[in-house]
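A closer look at the structure
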Amino acid sequence: MDDVEQLIEQLQSIAQTGKHYSKDVFDRERYEQLEVVAKKLTTKLTKDVTPEKLNIFFDADTGYVTPKVDIRAATFKDDKILLVREKSSGQWSIPGGWGDIGYSAADIAVKETFEEAGIKVKPLKMIAIKDMQKNHYPKKNLNYVYKLFFECEPEENDIHGGVETSDVKYFSLDEALNLDLSLARNMPDDFQRAFECHHSQQWTTYFD
């Protein structure tokens, strides 16, 4: 199924890019027809997809289609990693969120940690750059996503939950791996790699 979903995403990308750049009216019609086919395939192969969600996914962006970026901040203190508990699911994750216009990736790591855990952090190292599809994360939406993981250090100690989080704590690797994790946000190997980076003096960024 993952391979089929990726093919549909590629169809959508070709259709959307073609619609944006094509100057010929007949070519635009063909790209629009291709987009209709991609929408129909998505409806048949993806569970719980409404026409509204399809239109948001297919029409929210214009021009050349690129992946979205999800940024995570792995903050360590006393050889434990900072995690937040999502109010919506009750699951635990490394603080983070989508990249925003006007912020660097490192800025987002700082901003999201402050919003979700209540503390300021300093990014130190890039742990990993991962293709969500290739690494088989459970998908919560139709977007193609790159995931960026930073190692950070805390600049203050007063951790507390935010608007979207109900709890904040530091955990050892073994403790973290035994939690109810939000797997769409972070997989067990993300935690293992984050701790390896934290213990390394000369870390080489992991990438697909």
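Provided above is the structure to which this section pertains.
Attention in this report is confined to the structure presented alongside it. (Residues numbered from 1 in each chain as written. Predicted model: local features only at pLDDT ≥ 70, side-chain atom pairs only at ≥ 80, totals over all residues. Heavy atoms only, no water.)

Among the 10 residues of strand β6 (residues 145–154), seven are classified as buried, and the element is accordingly described as predominantly covered. Strand direction decides the pairing type here: strand β1 (residues 68–77) and β6, joined by eight bridges, are parallel. The residue bridging Val69 from the neighbouring strand is Tyr146, located in β6. Here strand β5 (residues 121–131) pairs with β6 via nine bridges, running antiparallel. Looking at β6, one finds that Met126 is bridged to Phe150. (Buried < 20%, exposed > 50% of the residue type's maximum accessible area, 1.4 Å probe, protein only. Helix = DSSP H or I, 4+ residues; strand = E, 2+ residues; numbered from the N terminus. Pairing = 2+ DSSP bridges.)

Here the focus is the side chain of Glu151. When you line up the elements, Glu151 lands in strand β6. Looking at Glu151, its side chain comes within polar contact range of the side chain of His198, at 2.9 Å. With residues up to four places along the chain from it excluded, the contact list for Glu151 reads Ala74, Phe76, Lys122, Pro123, Leu124, Lys125, Ile127, Cys197 and His198. (Polar contact = N/O pair within 3.5 Å; in protein donor to acceptor, adjacent residues only side chain to side chain. Contact = heavy atoms within 4.5 Å.)

The next thing to look at is the side chain of Glu86. With respect to the element layout, Glu86 can be found in strand β2 (residues 80–86). In contact with Glu86, other than residues within four places in its own chain, are Gln91, Ser93, Glu164, Ser166 and Arg185.

That is the geometry; function is a separate question.
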